[in-house]
Amino acid sequence: MSSRDLVLARVRRALADVPRTERPSEAPVDRGYLRAHGDRTTARTVDLLAENLADYRAIVHRTDPEGLPGLIARLLDGRGATSVVLPPGLPAEWLSAVDAQRVERIADTEELTPHDLDAVSSVVTGCAVAVAETGTVVLDAGPDQGRRRITLVPDHHVCVIRVPEQVVDSVPQALERLAPGRPLTWISGPSATSDIELDRVEGVHGPRTLEVVLVES
């Protein structure tokens, strides 16, 4: 018996007691799975997010709202950034400490081509939600996140997460906050692939460096 025949035989056995006229929508499915694993405090959930982000090789920073502008300025300076692309709804105060003479601010507009974005040093965005159990940041093209392309082409992405309101424990909790009709980008660490001879290469399908800033109010 081939592998194909074996799989099909198992499918037939599983469906042996199902009436031929029954449709999937007619059979109730138990959705009683766990919505989160463990009983964590808010602080522990945020700590878990930071740990899992770091495991995915994201660089994690923590600050308060007052310290955010200075931190973003230091992160851009540390990369030697000469330009940064900004979503239209990014709070202006986030970039208030960045030297406008040294770092050109580029607005996210339809005229920006992938070639233009490839020449940009960094991008700064907010996020829609962050998942602690998987170390995942989700973008939904909101006003403080901009179009998907601006977070995929530049080599350096600074993503700001508001704590605790944008942090959830699990993927099911995140899905409840997201609109499925929006362009969702799920990010777990910097872009990486091991397709070629199993050698890890970062920056192929997105930024080579992801810096996450947890802003605790």
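The coordinates are above.
Residues numbered from 1 in each chain as written. Predicted model: local features only at pLDDT ≥ 70, side-chain atom pairs only at ≥ 80, totals over all residues. Heavy atoms only, no water.

Enquirer: Is there a simple way to explain helix 3 (residues 68-78) in this structure?
Expert: Because an α-helix completes one turn every 3.6 residues, residues spaced three or four positions apart along the sequence face the same direction. Of the positions making up helix 3, those classed as buried are Leu 68, Pro 69, Leu 71, Ile 72, Ala 73, Leu 75 and Leu 76. In the core, the buried residues of helix 3 are packed alongside strand 1 (59-63), strand 2 (83-86), strand 4 (122-125), strand 7 (156-163) and strand 12 (209-216). (Buried < 20%, exposed > 50% of the residue type's maximum accessible area, 1.4 Å probe, protein only. Helix = DSSP H or I, 4+ residues; strand = E, 2+ residues; numbered from the N terminus. Contact = heavy atoms within 4.5 Å.)

Enquirer: I would appreciate a short explanation of the sheet that holds strand 1 in the present structure.
Expert: Where strands meet in a sheet, backbone hydrogen bonds hold them as pairs that are either parallel or antiparallel. Read across the sheet, six strands follow the order 1-12-7-4-2-3 without closing on themselves; strand pairing throughout is parallel. The sheet is open, and its two borders are formed by strand 1 and strand 3 (104-107), each paired with just one other strand. The sheet shows a mean angle of 25° between the axes of neighbouring strands, taken without regard to direction. Sheet topology note: the strand 1/strand 12 ladder contains five bridges and is parallel. Following the sheet pairing, Arg 62 is matched in strand 12 by Leu 214. Along the sheet face, helix 2 (residues 42-55) touches strand 1, strand 7 and strand 12 and points at about 150° away from the line of strand 1. (Pairing = 2+ DSSP bridges. Axes fitted to C-alpha atoms, helices over the stretch in contact; angles between N-to-C directions.)

Enquirer: Before we go on, may I ask you to explain the pairing of strand 2 in this structure?
Expert: The two faces of the sheet receive side chains in turn, since in a regular strand these alternate between them. Neither face of strand 2 is open: one carries Ser 83 and Val 85, the other Val 84 and Leu 86, and all of them are buried. Where strand 2 and strand 4 come together, two bridges link them in parallel fashion. Paired with Val 84 across the bridge in strand 4 is Ser 122.

Enquirer: Any chance you could explain unusual backbone geometry here in plain terms?
Expert: Most peptide bonds adopt trans geometry, and most residues besides glycine take a negative phi value. With an omega of 5°, the peptide bond running from Val 163 to Pro 164 counts as cis. Not every positive phi belongs to a glycine, and Arg 57 is a case in point at roughly 75°. Relative to the elements of secondary structure, Arg 57 occurs in the loop between helix 2 and strand 1.

Enquirer: Explain helix 2 to me, please; I cannot follow it from the model alone.
Expert: With 14 residues, helix 2 extends 20 Å from end C-alpha to end C-alpha; this agrees with the ideal 20 Å at 1.5 Å per step. Within the span of helix 2, buried status applies to Thr 45, Val 46, Leu 48, Leu 49, Ala 50, Asn 52 and Leu 53. Buried residues belonging to helix 2 abut strand 1, strand 5 (129-131), strand 6 (136-139), strand 7, strand 8 (167-168) and strand 12. Just downstream of helix 2, Arg 57 is the residue with a positive phi angle, here 75°. (Expected span 1.5 Å × (residues − 1).)

Enquirer: What should I look at first to understand the pattern of salt bridges in this one?
Expert: Should their charged atoms come close, side chains of opposite charge can pair. Enumeration according to the criterion identifies 12 salt bridges in this entry. A salt bridge links Glu 176 to Arg 35; the nearest nitrogen and oxygen atoms lie 2.6 Å apart. Placement of Glu 176 in helix 6 (residues 171-177) and of Arg 35 in the loop between helix 1 (3-14) and helix 2 is noted, with a sequence separation of 141 residues between them. On the basis of relative accessibility, which here comes to 57%, the residue Glu 176 falls in the exposed class. Salt-bridge contacts for Arg 40 lead to Asp 169; the nearest nitrogen and oxygen are separated by 3.0 Å. Here Arg 40, found in the loop between helix 1 and helix 2, pairs with Asp 169, found in the loop between strand 8 and helix 6; they are 129 residues apart in sequence, far enough to count as distant. Accessibility expressed as a relative area gives 21% for Arg 40, which makes it partly exposed. Salt bridges sharing partners connect three or more residues here, namely Arg 40, Glu 133 and Asp 169. (Salt bridge = Lys/Arg side-chain N within 4 Å of Asp/Glu carboxyl O.)

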